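# Coordinates in review
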Amino acid sequence: MSAPLEFRVSGQKIVQAEAHDLADGDPRGIVWLYESPKPNARYVIGVDATNGRTGWNRYARTDNDQSIDNGAIEVIRLGRGEPGGLNYVPDMQVAEYAAPIDPYDLAKVVNILGRLYSGNADDGQALCIIEVYPGPGGPCQRTLMEKYGYTNLYRWQYLDTGQTSSRSQFDFGWYSTKQSMQHLWTRGLRFLHRKQVMLRSPFLVEELADCQMDTTKNRGAAASGFHDDRVTALLLAIWAGHNYTFHVEPRATRVESGSPNSDWQSTDVSTDRMSSLWEERWSELSQLAEDI
């Protein structure tokens, strides 16, 4: 089923672009919807704000504004199950926006996409994670809360405990530090390498190809002259969507006794049970192979 030609959210609307709007190959300032919203799905939005240029739009572009950092929004639909499992479904990128606009204008786009892709959220708002420090993400988040009444926001967690912050009821958003960015990039890239999220945007894939790992800082960044705004927004969405924390990730280990090679002929196991056990064992071996 094709997507509707128009969506309306709180008086704002998203309309299908005309062919001439895409003819110049510049994707900025366009909301890219790769999948229509699903009412029973779970969605997460990652946002990397920028100072941008106040009043920027596609009709007021200049020759040198490609060098300005983009305010980026990535929307993912969360999958289900564990990699290697029989019913595993990876996450899916469903929408994207990037443009060199200021944080106040970016908040309007976040509000539209957050309510459009609310899915099964009780409050009609997708979970949203915004990088609020350092940079202009704070004004973006504050505008989202105060002007648009958006409240389903990621709450910061302490690095040492992994517990949600209790310092302030307004202590929402992602705080970028040397430690937190190491966690964000190492866990996010592992998630990507294991193909746990499917990417639909060629512009995001291009940014990923332009990123380089800094072995000293243990994090990635765009090569000189390129952008990593979309990548950062995606990694934030993955982090919040899977409720990652900063403590050591627990892992279950199978404990077995006797020989791992069962002699089924010497047991009274049924054919159906034998098939089920082999499927379970195959899933475990596949998971171990993924982890190596």
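In what follows, the structure referred to is the one given above.
None of the values given here were measured: they were computed from a predicted structure. (Residues numbered from 1 in each chain as written. Predicted model: local features only at pLDDT ≥ 70, side-chain atom pairs only at ≥ 80, totals over all residues. Heavy atoms only, no water.)

### What to know about the pairing of strand β4 (residues 43-48)
Inclusion rule: Burial classification: accessible surface area is computed with a 1.4 Å probe over protein chains only, and a residue below 20% of its type maximum counts as buried, one above 50% as exposed, and the rest as partly exposed. Secondary structure elements are taken from DSSP: a helix is a run of H or I of four residues or more, a strand is a run of E of two residues or more, and numbering for both begins at the N terminus. What makes two strands pair is DSSP finding at least two bridges between them.
Of all six residues in β4, six are buried; the element is thus mostly enclosed. Burial along β4 is two-sided: the face carrying Y43, I45 and V47 and the face carrying V44, G46 and D48 are both buried. With six bridges joining them, β4 and strand β5 (residues 71-77) adopt antiparallel strand pairing. Note on β5: the bridge partner recorded for Y43 is R77.

### A closer look at the packing of aromatic side chains
Where we set the bar: In this analysis, rings of Phe, Tyr and Trp, with Trp reduced to its six-membered ring, are considered paired at centre separations within 6.5 Å, and the interplanar angle assigns stacked below 30 degrees, edge-to-face beyond 60, and tilted for intermediate values. By the criterion adopted, a ring carries a charge over it if an Arg CZ or a Lys NZ lies within 6 Å of its centre and within 35 degrees of its normal.
All told, the structure shown has four aromatic pairs when counted by the stated rule. Arranged with centres 5.2 Å apart and planes meeting at 50°, the rings of W32 and F203 form a pair that is tilted. Of this pair, W32 sits in strand β3 (residues 32-33) while F203 is found in helix α4 (residues 202-210), placing the two residues 171 residues apart along the sequence. Between W174 and W239 the ring centres are 5.3 Å apart and the planes differ by 70°, which places this aromatic pair in the edge-to-face class. Taken as a pair, W174 in strand β8 (residues 174-175) and W239 in helix α5 (residues 229-241) lie far apart in primary sequence, 65 residues in all. Judged by its relative accessible area of 1%, W239 is buried. Lying across the ring of F172, R155 places its NZ or CZ 5.2 Å from the centre. Over the aromatic face of W239 sits the side chain of R187, whose NZ or CZ is 5.9 Å from the ring centroid.

### Some thoughts on the pairing of strand β6 (residues 91-99)
For β6, the buried fraction is high: nine of the nine residues fall into the buried class. Relative to β6, β5 runs antiparallel, the two being bridged by seven bridges. Residue R77 lies in a different strand from β6, and its bridge partner there is M92. Pairing analysis gives two bridges linking β6 to strand β9 (residues 197-198), with the strands arranged parallel. By the bridge assignment, M92 is partnered in β9 with M198.

### Thoughts on helix α3 (residues 178-193)
Put simply, the rule is: Multiply 1.5 Å by the residue count of a helix minus one, and that product is the helix's expected span.
Look at α3: 22 Å from first C-alpha to last across 16 residues, which is about the 22 Å you get at 1.5 Å a residue. Burial in α3 covers these residues: S180, M181, L184, W185, R187, G188, L189, F191 and L192. Phi for K195, located one or two positions after α3, is positive at around 55°.

### Some details on the nonpolar core
Most often, soluble globular proteins keep nonpolar side chains buried together rather than apart. What counts here: The nonpolar core is taken to be a set of buried Ala, Val, Leu, Ile, Met, Phe, Trp, Tyr and Cys residues, with the residues joined through side-chain atoms within 4.5 Å. Any pair of residues with heavy atoms lying within 4.5 Å of one another is described as a contacting pair.
If you look at the biggest cluster of nonpolar residues, it comprises 34 residues, and the most contacted ones within it are I73, V75, L106, L113 and C128. Put simply, the parts of the chain that give this core at least two residues each are β4, β5, β6, α1 (103-116), β7 (127-133) and α2 (137-146). No other element matches α1, which puts seven residues into this core. If sequence neighbours within four positions are ignored, V75 has contacts with Y43, V44, I45, M92, Q93, V94, A95, L113 and Y117. Listed in part, the 25 residues of the second largest apolar core include Y154, W185, L204 and L235.

### Let's talk about unusual backbone geometry
Put simply, Y133 and P134 share a cis peptide bond, and its omega is -10°. Within the secondary structure, P134 is located in the loop between β7 and α2. A positive phi angle, close to 55°, is found at K195, a residue other than glycine. For K195, the location among the structural elements is in the loop between α3 and β9.

Just geometry here; none of it tells us what the structure is for.
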